[in-house]
There are 2 protein chains.
Amino acid sequence: MADISPLQKARAAYRPKLPPVFAGSGPFVQASEGPRTRPVADVEAIQAMFPHSCGKPVVAFEAGVRDGRGPLKVGVVLSGGQAPGGHNVIAGVFDALRAMNPGSTLYGFLGGPSGLTDNKYKLLDDATIDAYRNTGGFDIIGSGRTKLETEEQFVQVAANCEALGIGALIIIGGDDSNTNACLLAEFLQRQGRPITVVGCPKTIDGDLKNERIAASFGFDTATKVYSELIGNIERDANSAKKYWHFIKLMGRSASHIALECALQTHPTVALISEEVSAEKQTLRQIVERIAGLVRERFARRKKFGVVLIPEGLVEFIPETKRLISELNELLAKKSDTGRHFDSLASMDDKLQFVNSRLTPASAQVLGSLPGTVRMQLLLDRDEHGNVPVSQIETEKLLIDLVGDRIKEWNSPYKDEADKDKRIPFNGQSHFFGYEGRCAAPSNFDADYSYSLGYTAACLAAAGKTGYMACVGNLARPAGEWTAGGIPLTMMMNMEMRKGKSHPVIRKALVRLDGAPFRAFAAQRDAWAMEDAFRFPGPIQYFGPAEVCDATTLTLKLEAGQ
Amino acid sequence: MADISPLQKARAAYRPKLPPVFAGSGPFVQASEGPRTRPVADVEAIQAMFPHSCGKPVVAFEAGVRDGRGPLKVGVVLSGGQAPGGHNVIAGVFDALRAMNPGSTLYGFLGGPSGLTDNKYKLLDDATIDAYRNTGGFDIIGSGRTKLETEEQFVQVAANCEALGIGALIIIGGDDSNTNACLLAEFLQRQGRPITVVGCPKTIDGDLKNERIAASFGFDTATKVYSELIGNIERDANSAKKYWHFIKLMGRSASHIALECALQTHPTVALISEEVSAEKQTLRQIVERIAGLVRERFARRKKFGVVLIPEGLVEFIPETKRLISELNELLAKKSDTGRHFDSLASMDDKLQFVNSRLTPASAQVLGSLPGTVRMQLLLDRDEHGNVPVSQIETEKLLIDLVGDRIKEWNSPYKDEADKDKRIPFNGQSHFFGYEGRCAAPSNFDADYSYSLGYTAACLAAAGKTGYMACVGNLARPAGEWTAGGIPLTMMMNMEMRKGKSHPVIRKALVRLDGAPFRAFAAQRDAWAMEDAFRFPGPIQYFGPAEVCDATTLTLKLEAGQ
């Protein structure tokens, strides 16, 4: 037995809460069908691509009767980045299958979707499942980013499943993985191969949600970990009174994490990418706003603050987004310009070459960036020549630019006699991402993800292919949760990807007219000047329910609470 | 009422545990004196400098009888970096004073020791104390790094205290602040001014301890926060299986934090500065060891790992320590060489100038560093011209150097056919410092720091000047703790500081023959290869005692448990 921590031991004994329908009937539930559904947009195109899957009804589970079911063989796969609760989804699937028939078998495909095509798997037994209950991480079977999207892959997956006698696949992933799950489901139906495909909504970014899926699992835990740390840093800023902390938070394509953390911790500033994009803000404007606040707070003798920055910011600022897109085209490894650029030896020549070919606006933006960031954009490109957006240290970039602006303001006060007029600015940078992706799930995520797994197993048993497991009423206590499924096609529309139109699950960005953003917008001016820092503290697994069972403010506000 | 989090509300109600002597008698205890004490070294020199303070006996509190005491006026000050529990020390002082006599008064001096000389203070009342019970941070009265060490300052402090009628000062700080508290106590005794000075041991670095002071407050909480995050990252590394995480941890002058976190989380590698220094390891050797492990683990198909790095590492590697000291001398702002260096315009000239004047060994070390670090050492100097050791991103430095070494090993395998022979190495860097300094104290730190404050108030009431508050038997439950005081001189010796011999409290470095290091050394080879990652999880304030009341492994191992 490995040396595990006291908390690991205590959590191993935690029994996740389930929606009442399962508490009564276990997995012996009955699927009640609602009216037919339709995609969120591009109905005809989606209909044409998914003739077997599109238009199916929403399914709600109701109490059923215990029957004598045969054993099921089910495969499960984890896809994409880690999110707290993945192990509990698998435990939920396992427990539901075993409760249906003790002879049921669960195969875990290894290392993500490639495990399905390469036929790499392990049989999940009681001992394995028990060792991972309520733990963080995806290490039980690993994960991966291989995309399952070609017919060739689907043929292989079907052949592997049939060889093992697997009748259902449960795919735990984000919007892309669930889109592909639906393509696979459609393929299997078209070929008349009886393998049910069910999806589960996973993403700590919080961008896979809609009116039926109130939240993806993992978002609650990850934002709680980040909020704990932000609160600690706020307390530090307010005690030391001499640092401006710039904290970048995971979340490239949506700012739900930054918004939830802002609601939890009341920082001095929180940038929300969707607002930056909607208002077409420039980098200069953002810098001016923060620097102005540094100045204003200094006038009130406050030399400190905390700024939250969503990871994807530079891709939402129209001018930097355009610069990045121009650079990607110009420097593509396979293009003539890219090859020419690579052949230039000196940095000056490279810079001149790029400047002469960018649009004037983009050349100006590039010129306004600190030297280190400029170098990074030009030199640290990936195998295709794309600039490394995810590696841009936006938090340091902003510290540099704000610092430069303040130096300009301070420049008239070079004399020692004027030194009290100089605005002090000490920036400290942080980036929180890996710190939260594999935290042990909060009670909410432990319950929710286990319930999702249980639900997915029931959908699989009912042959509901092309569905996503759905647990409803999440803003209420688990005793009021519902369970069922929605057709994956229902969340789809057509979007341009790499110049081609593709069916995809629509990403949920932060809505500027949504309750969470409005609550933030109503309070942020006060937070900026008055230090209303709020300290959520670490995730609690025991104690009063309001401390250990509460979920996100995002979920509560969206539910109108 | 501010919008505080549910956990803040719940923690506000927490009643810290006290040693049984206070549970019985409240603050009406009796001081029992042990034999006379002596400094740890340099007895005669310390004796000569502290004739009134040196040699006093250790004091232990025993049950006393409730008596009719007059009201006391006491001042309290927070000195130096934040540590979890500071607010509880103050609450403990406050509660003990009020229990002695409800008319007692507690003055909080603002912004650190400078509040004492500048006479900046606030009266601490019930409402203020209640708002900060069991919270992190030092924001109740702020802190600062001004050193109280000159006679002129002492005269001012005495005058300010006398004007307010303050009969005792409680100074909460690290080794330096407590050394200075003793100088102040000695000064006041010499002048016959009846102000008692009592110290409290604070440092998250854990380097203020000895056979009587088993731990400083804050170390438990800070290491728990860091261990939570390290565990989460280990889980992520083990799930994604493609990153090597290099994590720098606060602790410049000793590696207690890195060692405690290693014992809690079982990382792939943990560097301990004291061992690096004792074995006179070179940077090259450290890099070779880590790179070798990357290679060995890759041979076992493991492309990931977690490396812990103490913040002070480069000051413990003999060759980099020498380089830094040579640079500090060469580039001192007031020196001829420093001025000449500053007058040089081009980076190449600067580098040439430095290289020609460093010893050959140091020039070689400088040359071996990545360009960015080299630039930082030469350009980012402070007002005295010192190189910014605390800003060196040691975690990135090691990633760069390990990466370079692996590139060398990979260089024979340029062919696509050989690509499987190339060792992959993706480094991710982290630095955890501010994340833990202001966390809300764990139950242990909440109890311990409150008990320290209570004890300090009793020492103040008993007129025990030049003492440090001491709570004993800490590795046992609070129901077995003892309380008393030890003379500050007892921990002192003479050390060279800036070319002069000074009396200082001896810093406790990690002992290579101590139980914590030996426990680590016995297991680390297994951790390096076998992934024995351990996940402590977040601090719990509720739940089973083994989860929410356990203290550090360092303390347990040092106590022989």
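Values in this document were obtained by computation on a predicted structure and should not be read as measured data.

J.: Help me understand the relation of the copies chain B and chain A, please; the structure alone is not making it clear to me.
T.: The operation relating the two chain copies consists of a rotation about an axis and a shift along that axis. Superposing chain B onto chain A takes a rotation of 180 degrees combined with a translation of 0.0 Å along the rotation axis, leaving an RMSD of 0.1 Å. Overall, the copies show the geometry of a two-fold rotation axis. Taken together, the interface assignments show that 100% of the residues at the interface of chain B recur at the interface of chain A, consistent with an identical surface on both copies.

J.: Honestly, the domain arrangement of chain A in this entry has me stumped. Any pointers?
T.: Note on interface size: it is often stated as the accessible area lost on association of the parts. Residue and element names in this part refer to chain A. Looking at the assigned domains, one finds that chain A contains domain 1 (6-218 + 441-505) and domain 2 (220-437). Averaged C-alpha coordinates put domain 1 and domain 2 at centres separated by 37 Å. Listed as interface residues are 15 residues of domain 1 and, on the opposing side, 14 residues of domain 2. A combined buried area of about 1000 Å² lies between domain 1 and domain 2, and 50% of that area is made up of carbon and sulfur atoms. Counting the surface domain 1 buries against domain 2, the share from its top three residues, Gln 82, Ile 204 and Asp 205, is 45%. Remark: the boundary between domain 1 and domain 2 carries zero salt bridges.

J.: Even after reading the chapter, I still don't get unusual backbone geometry, so can you show me in this structure?
T.: Most peptide bonds adopt trans geometry, and most residues besides glycine take a negative phi value. Phi is positive for A:Lys280, which is not a glycine, with a value near 50 degrees. Phi is positive for B:Asn119, which is not a glycine, with a value near 60 degrees.

J.: Teacher, can you tell me more about the sheet that holds strand E13 (residues 482-487) of chain A here?
T.: Paired through their backbone hydrogen bonds, the strands of a sheet run either parallel or antiparallel. Residue and element names in this part refer to chain A. Sheet architecture is open: nine strands sit in the order E1-E2-E13-E12-E7-E6-E3-E4-E5, paired in mixed fashion. This sheet does not close on itself; its edge strands, each paired only once, are strand E1 (29-36) and strand E5 (121-124). Mean inter-strand twist for the sheet, computed between neighbouring axes without regard to direction, equals 30 degrees. In this sheet, strand E6 (residues 168-173) lies alongside strand E3 (residues 73-78) in parallel orientation, the contact comprising five bridges. Among the inter-strand pairings, Val 76 is bridged to a residue of E6, identified as Ile 170. In the packing of helix H4 (residues 86-100) onto the sheet, the strands contacted are E3, strand E4 (105-109), E5, E6 and strand E7 (196-201), and the crossing angle to E4 comes to about 155 degrees.

J.: Quick question: what am I supposed to make of the packing of aromatic side chains here?
T.: Aromatic rings considered in pairs are described by the distance between their centres and by the relative angle of their planes. Taken as a whole and judged by the stated rule, the model has 27 aromatic pairs over all chains. On the basis of an interplanar angle of 55 degrees and a centroid distance of 4.8 Å, the ring pair of A:Phe22 and A:Tyr454 is categorised as tilted. Within this pair, whereas A:Phe22 is found in helix H2 (residues 20-25), its partner A:Tyr454 is found in helix H20 (residues 443-461), the two being separated by 432 residues in sequence. Here A:Phe22 matches A:Tyr454 in class, with each residue buried. Relative to A:Phe425, the ring of A:Phe246 lies with its centre 6.1 Å away and its plane at 85 degrees, an arrangement referred to as edge-to-face. On the criterion of sequence distance, the pair formed by A:Phe246 in strand E8 (residues 244-249) and A:Phe425 in the loop between helix H18 (394-410) and strand E11 (427-432) is long-range, its members being 179 residues apart. By way of ring pairs, the aromatic residues A:Phe22, A:Phe61, A:Tyr450 and A:Tyr454 are connected into one cluster. One cation-aromatic arrangement involves B:Lys248 over B:Phe431; the distance from NZ or CZ to the ring centre is 4.5 Å.

Definitions and cut-offs
- Residue positions are given per chain, counted from 1 along the sequence in the order it is written.
- As a convention, the first chain written is A and the first ligand written is 1, with the rest following in written order.
- In keeping with the model being predicted, local features are shown solely for residues with a pLDDT of at least 70 and side-chain atom pairs are shown and tallied solely at 80 or more, while totals for entire chains, interfaces and linings include all residues.
- Heavy atoms from the whole structure form the basis of all side-chain values; hydrogens and water molecules are not counted.
- Here the copies were fitted onto each other by least squares, based on C-alpha atoms from residues at pLDDT of at least 70 in both.
- Residues are treated as being in contact if the distance between any of their heavy atoms lies within 4.5 Å.
- Domain start and end points were adopted from an automatic or database domain assignment.
- By buried area we mean how much accessible surface two parts lose on assembly, using a 1.4 Å probe and totalling the loss over both.
- Basic side-chain nitrogens of Lys or Arg form a salt bridge, by our definition, when they fall within 4 Å of a carboxyl oxygen of Asp or Glu.
- Should DSSP find at least two bridges between two strands, the strands are taken to pair.
- In this text, helices come from DSSP runs of H or I with a minimum length of four residues, and strands from runs of E with a minimum of two, each type numbered from the N-terminal end.
- Throughout, an axis means a line fitted to C-alpha atoms (over the contacting stretch in the case of helices), and angles, computed between N-to-C directions, take values from 0 to 180 degrees.
- Each pair of aromatic rings taken from Phe, Tyr and Trp, with Trp reduced to its six-membered ring, is defined by centres within 6.5 Å and is described as stacked if the planes are under 30 degrees apart, edge-to-face if over 60, and tilted in the remaining cases.
- Residue exposure (1.4 Å probe, protein chains only): buried if accessible area is under 20% of the type maximum, exposed if over 50%, otherwise partly exposed.
- Should the NZ of a Lys or the CZ of an Arg lie within 6 Å of a ring centre and within 35 degrees of the ring normal, that charge is described as sitting over the ring.

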